[in-house]
Amino acid sequence: MNSIDIDVGGTFTDLVLNFNGKALIKKSPTTPYDLSVCFTRVIEDGAAALGMKIEDLLPAIEMIRYSTTIALNRLIEKKGPRLGLITTEGHEDVVLLGRGAQWIDGTRVSERRNLAVQNKPDPLIPRDMIVGVKERVDSRGRIIRPLDENDVREKVRYLTSRGARGFVVALLWGFLNPANERRVKEIIRDEYKEFHIGYLPVVLAGQVVGKLGEYERTMAAILDAYLQRSMQIELSAMWDKLREKGYSKPLLMIQSSGGIAEVFRTAASRTFNSGPVSGLMGAHHVAKILGYQNVVMTDMGGTSFDVGLVVKDSVRSYDFRPIIDRWMVGITMIKTLSIGAGGGSIANVNKLLENRVQVGPRSAGSIPGPACFNLGGTEPTVTDADVVLGYLNPQYYFGGKMRLDKNRAIQAVREKIAKPLGIGVEEAAVIIRKIVNGNMASAIMKEVHLRGHSPEDFILFVGGGAGPTHAEGYKADIPKAVTFAFSPVFCAFGSSTMDIMHVYEVSKKLTLMEPRTQQITSEFAAFNETVESLIEQARRDLTGDGLNLNDASFVLELDMLYGGQFHVKRALSPLLAVHSTEDVRAICDAFNKEFSEAFSPFVVNPEGGIFIESFILKAIVPTKKIELPKLKLEGPSPAAARKGERPVYWPPEKDFRPTPIYTYESLRPGNTVAGPAIVEGEYTTLVVPAALHFSIDNRGLGILEA
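First, a word on what this report is: a plain description of the structure on this page. (Residues numbered from 1 in each chain as written. Predicted model: local features only at pLDDT ≥ 70, side-chain atom pairs only at ≥ 80, totals over all residues. Heavy atoms only, no water.)

### A word on the sheet that holds strand S31 (residues 677–680)
Then comes step 1: In space, the four strands of this open sheet follow the order S28-S29-S31-S32, with mixed pairing throughout. The sheet is open, and its two edges are formed by strand S28 (642–650) and strand S32 (685–688), each paired on a single side. Each adjacent strand pair in this sheet contributes to an overall mean axis angle of 30 degrees, direction not counted.
Then comes step 2: For S28 and strand S29 (residues 655–663), the ladder comprises eight bridges, and the chain directions are antiparallel. Residue pairing in the sheet places Arg-642 in a bridge with Tyr-662 of S29. (Pairing = 2+ DSSP bridges. Helix = DSSP H or I, 4+ residues; strand = E, 2+ residues; numbered from the N terminus. Axes fitted to C-alpha atoms, helices over the stretch in contact; angles between N-to-C directions.)

### Digging into the packing of aromatic side chains
Then comes step 1: Scanning all chains against the criterion turns up 21 aromatic pairs.
Then comes step 2: Between Phe-486 and Phe-493, the ring centres sit 3.8 Å apart and the planes meet at 15 degrees, which makes this aromatic pair stacked.
Then comes step 3: A ring pair is formed by Phe-490 and Phe-493, whose centres lie 5.9 Å apart and whose planes are at 55 degrees; its orientation type is tilted. Here Phe-493 and Phe-490 lie together in helix H15 (residues 490–496), a separation of three residues that amounts to about one turn. Taken individually, Phe-490 and Phe-493 each receive the classification buried, so the pair is uniform in this respect.
Then comes step 4: One aromatic cluster is present, built from ring pairs that chain together Tyr-292, Phe-461, Phe-484, Phe-486, Phe-490 and Phe-493.
Then comes step 5: For the cation-ring pair, Lys-401 lies above Phe-398, with the distance from its terminal atom to the ring centre recorded as 5.9 Å. (Phe/Tyr/Trp six-rings, centres within 6.5 Å; stacked < 30°, edge-to-face > 60°. Buried < 20%, exposed > 50% of the residue type's maximum accessible area, 1.4 Å probe, protein only. Lys NZ or Arg CZ within 6 Å of the ring centre and 35° of its normal.)

### Things to note about the side chain of Glu-447
Then comes step 1: Residue placement: Glu-447 occurs in helix H13 (residues 425–450).
Then comes step 2: Apart from the residues lying within four places of it in its own chain, the contact partners of Glu-447 are Val-307, Leu-309 and Leu-337. (Contact = heavy atoms within 4.5 Å.)

### Concerning the pattern of salt bridges
Then comes step 1: Considering all chains together, one arrives at 35 salt bridges under this definition.
Then comes step 2: In this structure, the salt-bridge partner of Lys-155 is Asp-151, at a minimum N-O distance of 3.1 Å. Residue Lys-155 and its partner Asp-151 are both found in helix H6 (residues 149–161); the two are separated by four residues, about one turn of the helix.
Then comes step 3: Overall, the relative accessible area of 16% leaves Lys-155 in the buried class.
Then comes step 4: The residue Glu-597 makes a salt bridge to Lys-593 at a minimum N-O spacing of 2.7 Å. Residue Glu-597 and its partner Lys-593 are located together in helix H17 (residues 581–598), separated by four residues, close to a single helical turn.
Then comes step 5: Glu-597 gets classed as partly exposed once you look at its relative accessible area, which sits at 47%. (Salt bridge = Lys/Arg side-chain N within 4 Å of Asp/Glu carboxyl O.)

### Here's the deal with the packing of helix H12 (residues 406–421) against H13
Then comes step 1: For the pair H12 and H13, interaxial distance at closest approach is 9 Å and the crossing angle is 80 degrees. If you check the angle between H12 and H13, you find them roughly perpendicular. Across the interface between the two elements, Ile-410, Val-413, Arg-414, Ile-417 and Ala-418 of H12 pack against Val-425, Ala-428, Ala-429 and Ile-432 of H13.
Then comes step 2: Across the contact of H12 with H13, the residue classes tally to eight nonpolar, no polar and one charged. (Parallel < 35°, antiparallel > 145°, perpendicular 65-115°, else oblique. Nonpolar A, V, L, I, M, F, W, Y, C, P; charged D, E, K, R; others polar.)

### Focus: helix H14 (residues 467–474)
Then comes step 1: The buried count for H14 comes to six of eight residues, which makes it a mostly enclosed element.
Then comes step 2: Every buried residue belonging to H14 is among Gly-467, Pro-468, Thr-469, His-470, Ala-471 and Tyr-474, and all of these are buried.
Then comes step 3: Ala-476 sits one or two residues past H14 and shows a positive phi near 50 degrees.

### So, the sheet that holds strand S9 (residues 167–170)
Then comes step 1: The strand order across the open sheet built from four strands is S6-S5-S9-S10, with neighbouring strands paired in parallel fashion. Pairing within the sheet leaves two strands with one partner each, and these edge strands are strand S6 (130–133) and strand S10 (202–204). Across the sheet, the axes of successive neighbouring strands diverge by a mean angle of 20 degrees, strand direction being ignored.
Then comes step 2: Sheet topology note: the strand S5 (residues 84–88)/S6 ladder contains four bridges and is parallel. Of the residues in S6, the one forming a bridge with Ile-86 is Val-131.
Then comes step 3: In the packing of helix H7 (residues 179–191) onto the sheet, contacts are made with S5, S9 and S10, and the angle to S10 comes to roughly 175 degrees.

Spelled out as structure tokens, the structure:
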């Protein structure tokens, strides 16, 4: 299948292009002022590599998949429209009160320690733009106070007069009975019709998140409304350019739930973290091909360092209440960890902490970028440190398309780090590199240890343009690191391995097993009706996407818990429908098994009863994926790939020494490069210290190990 996969990062925009059985990768600097520019430019670069123009390439493309950080960037900038929130009378302060830990949500540990400066974030919708309307639905979905429509019209006009340019409707228990929320929207549409110049969008919280959690549900709806317009403008610009150049198929977006959906069926809040999630899904695909059960996926780009785990051949580890910027939302996301550590991460000396050197989370981005980019940046970054130490070749960075200014890198490190500390430039660069490597190693160990695993049981997958340059420093206790020809564009590669998947969630409390008696329920209708309604919704959406329903499969997951517990465990249901007590028992047994494996067999407690909190349906349409064919092994000598040598600073010797340089693309399966050495690729550079060696296996993968 001819496909294009694009991941827009903070520094570079990555492309994986599959065309007529040939796969190639490209990178282009991100243009933060207009993401449609770098989006189009990287496709043009891919077309040029095939000897084609973009107008000739796009008509032959069957699918474009896209992951981005547009939503997070726009949220950080706080450039959304002025919104009005309509909620149930008496509940106007819910989002302002938040949850108990709201004041630390989204902050770093170092920030939390300074209690004196901690504050709740400024609300996206201020109190004077929040109104309560006269209505009430109870916890069983019964309307106990009918909606006062005159009150609604009065409150809507009040919000409009105060500058509202969009509405969020989040009524209490509105997800159980959406009648009042829908009627409020109808009233707003009656007041401000679609064809009016002053058309105002309306977002219903019950449609965005159909499950329990008033604060999280409302915040997800607020984020969608807040980001809707800016994302619509940027994505429309990309869509228009694709159409102008001849592309006629859907533009699909990666979602943080692990799914893919057409851009017109994607909510803004569901695109957060889509890049790292697609990288994790790619790692899962490759791990299955190679037979690896446990993998740490890492991606070090220009702005951030992302970590995700494949455990026992599964990526089903979720954040049920993830934090987006400073806001907790009720959208389930695949669990990954991101920290501010990348090639563009800025180093500085903190005089208040006894001249401690800190690296990140601030990043120079693509503009102005590191000092060595010579685009106006003056702060020393990780990339500058790598240039100072000789790890990066200033004449061959980005395949020679970007020439780096080593003198500017030296000047930035000297003025901002070396002089304040009274040390040499090389020593300062080593400190920068050591700190950023330590930060990334700590992030990996945190993910592995806190989930109850040992790093010795994992393989490290290295992704991102800066990943191979620092893998030797951050792999820590993981014995083997694996690099790929597509490592610099790993997240874009990941999206090329993903199936089209829509995810549907709804809260529905059901008792499967009674407490104490452990009697299995015989009430099957509520379970089956809930699943059927989700399947019907999925069928409508898949048909709307132009997909063949015969190709679709459905997977059911259930948020379940034992009696007396608060936290739920998401378990894979072996059945889509139940028709007997044996079917229900099979679901309970599957939950007991997953709970036992995740925690301990000693805390399995069916005596407390087994309950369902929510239903999650995944509608999956498989796509053709990239394979990793087996190759013939050649001799161990890498002599044919050697391109010369240059002075490189190695910390153990505390000096520069002549170091052999190899071309990554010229290494053959079976070749082994002994450290110390540098292996240069078009979009990345691999550092091999003396204690390690680097070899190419029969799949064309690079193996870095002792």
